[in-house]
Amino acid sequence: MKTVTIVGAGLGGLTLARVLHVHGIPAEVYEAEASPDARAQGGMLDIHDYNGQLAIEAAGLQDAFRAIVLEGRQAMRVLSPDGAVLFEKADDGQGGRPEVQRADLRRMLLDALPAGTVSWGAKVTGARSLGEGRHEVTFADGRTLVTDLLVGADGAWSKIRPLLSAATPAYAGTSFVETYLYEADTRHPGAAKAVGGGSMFVPAPDREITAHRERGDTLHAYISLTRPLDWFDQIDFTEPAAAAAHIAAEFDGWAPEITALITDSDTPPVLRPHFALPDGHRWQRTPGVTLIGDAAHLQAPNGEGANWAMCDGAELAGALAAHPDDFEAGLEAYEQALFTRMSQADDVMNQHLEETFGDDIPETLRELMPERQQDN
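Residues numbered from 1 in each chain as written. Predicted model: local features only at pLDDT ≥ 70, side-chain atom pairs only at ≥ 80, totals over all residues. Heavy atoms only, no water.

## Concerning the pattern of salt bridges
Taken as a whole and assessed by the stated rule, the structure comprises 19 salt bridges. E33 serves as the salt-bridge partner of R106, at 3.2 Å between the closest nitrogen and oxygen. Within this pair, whereas R106 is found in helix α4 (residues 102-111), its partner E33 is found in the loop between β2 (27-30) and β3 (44-46), the two being separated by 73 residues in sequence. Across the pair R285 and E328 runs a salt bridge, and its minimum N-O distance is 2.9 Å. Highlighted residues: R285 in the loop between β16 (270-276) and β17 (289-291) and E328 in helix α12 (residues 327-343), separated in sequence by 43 residues. (Salt bridge = Lys/Arg side-chain N within 4 Å of Asp/Glu carboxyl O. Helix = DSSP H or I, 4+ residues; strand = E, 2+ residues; numbered from the N terminus.)

## With respect to the packing of helix α1 (residues 11-22) against α4
Between α1 and α4, whose axes approach to 9 Å, the crossing angle comes to 25°. When the axis of α1 is compared with that of α4, the two are roughly parallel. Regarding α1 and α4, the two cross each other, and that crossing is left-handed. Residues L11, L14 and T15 of α1 touch α4, and the partners they reach there are R102, L105, R106, L109 and L110. (Axes fitted to C-alpha atoms, helices over the stretch in contact; angles between N-to-C directions. Parallel < 35°, antiparallel > 145°, perpendicular 65-115°, else oblique. Left-handed = near helix turned anticlockwise from the far one by under 90°. Contact = heavy atoms within 4.5 Å.)

## What to know about the sheet that holds strand β5 (residues 85-89)
On the basis of which strands lie adjacent, the open sheet formed by 7 strands has the order β5-β4-β13-β14-β15-β12-β16 and mixed pairing. In the strand order of this sheet, the two ends are held by β5 and β16, each with one partner. Between one strand axis and the next, the sheet turns by 20° as a mean value, whatever way the strands run. Pairing of strand β12 (residues 170-181) with strand β15 (residues 219-226) involves 8 bridges; the strand directions are antiparallel. Within β15, the residue paired with E178 across the bridge is Y222. (Pairing = 2+ DSSP bridges.)

## Digging into the layout of surface pockets
Taken as a whole, the second largest pocket holds about 310 Å³ of empty space. Residue lining of the second largest pocket: 17 residues in total, with Q53, F65, R66, V69 and P98 positioned closest to the centre. Those elements that provide at least two residues to the lining of the second largest pocket are α2 (52-58) and α3 (62-68). Broken down by element, the lining of the second largest pocket gets its largest block of residues, 4 residues, from α2. Within the lining of the second largest pocket, the residues separate by chemical class into 6 nonpolar, 6 polar and 5 charged. (1 Å grid on protein atoms, 1.4 Å probe; cavity = no way out; pocket = protein on both sides within 12 Å on 5 of 7 lines; lining within 4 Å. Points joined across faces, edges and corners; volume = space filled by probe spheres on them. Nonpolar A, V, L, I, M, F, W, Y, C, P; charged D, E, K, R; others polar.)

## Some remarks on the nonpolar core
The biggest cluster of nonpolar side chains holds 64 residues, and the ones touching the most others in it are V4, I6, L20, F65, L105 and L320. Per-element tally for this core: the top contributor is helix α11 (residues 305-322), with 9 residues. In this view, L20 contacts V4, I6, I25, A27, A317 and L320; residues no more than four positions away in its chain are not counted. Membership of the second largest hydrophobic core comes to 32 residues, among which are L181, M200, A243 and A255. (Core = buried A, V, L, I, M, F, W, Y, C linked by side-chain atoms within 4.5 Å. Buried < 20%, exposed > 50% of the residue type's maximum accessible area, 1.4 Å probe, protein only.)

## Overview of the sheet that holds β2
Here we have 5 strands laid out as an open sheet, ordered β7-β2-β1-β11-β17, and parallel in their pairing. Both outer strands of the open sheet, β7 (118-119) and β17, are each paired with one neighbouring strand and no more. Sheet topology note: the β2/β7 ladder contains 2 bridges and is parallel. Residue Y30 lies in a different strand from β7, and its bridge partner there is S119.

## Regarding the environment of M310
Mapped onto the fold, M310 is located in helix α11. Classification of M310 by relative accessible area gives buried; the value is 0%. Through-space distance from the C-alpha of M310 to that of G10 is 9.2 Å; in sequence the pair is 300 residues apart. For M310, the contacting residues outside a window of four places in its chain are L11, G12, T15, G52, A55, I56 and L105.

See the structure below:
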């Protein structure tokens, strides 16, 4: 049986490797990071019952997943810029979107793989076709490998994508500035009260503040601004206080307990520009290679990226397992389903957003929904 070569040990690549293992299909994963703990893995993820949780079920990891869920974090509130509560929903355990720390989820997947599945410190610099579905992968240290089945799970700037598509990510027009407040209930009580026990959203045209209560007493905030990249180029992020002040000025007049998420950060503000592939990105079937996650359908953050990446990994593994004697047929089935699924992704997201809020969805949030933005 062919070994599946996976480039990228993010959530999508690891889910793919795990579900392949469940089906008895060998896989090897190559990751540029030096070790599992080489860098922080980001904040909270809500894992949805219509995509991410289906992948966890396919991986046979439901019990392990439940063990890392942070109880109570599905609580949600929407505030107006003046701090008034527009919408609030408690975590009754029935929301279908349990929250976990990204690092815990990645560790869960790693622990479920055979030892040695992931090769760390293996930075891929390129790949080329050798014909008949075989590909050569080149690493930064000069090593090469030849594979019969290659999967690009290597994110926005995928080195595998050029084998299939000439598309490259473009700036999506929005950026996050990321902050953390520690020991929030005692050191930042106003912000802690505003955020509540789960997540908080303050939507407004061209700007938004989102915050999550992470493990312990930590608030993790994402300040979103619709600005060109050269606007951010004018901010010196090596001067944290000045950078925070510059960003906070864009929220002049907002309630101080909300803007404290910017001005009172215990970490330097970090700029996270958003890039996206063209809408409806797809490619012609090319023997021996395919893509999952952001390598396939990068979008600006919308709460779905990690979920769809895991879903991609599980569905690709399932398609290959369904065609054990003809992996090309499995790749064909996976890609056709992927293209259909992602063409409907915004509709699925909006449907579940409507279910979350019911008839009480604030109009300011409704205006930010993808289908409404396309109508305007």
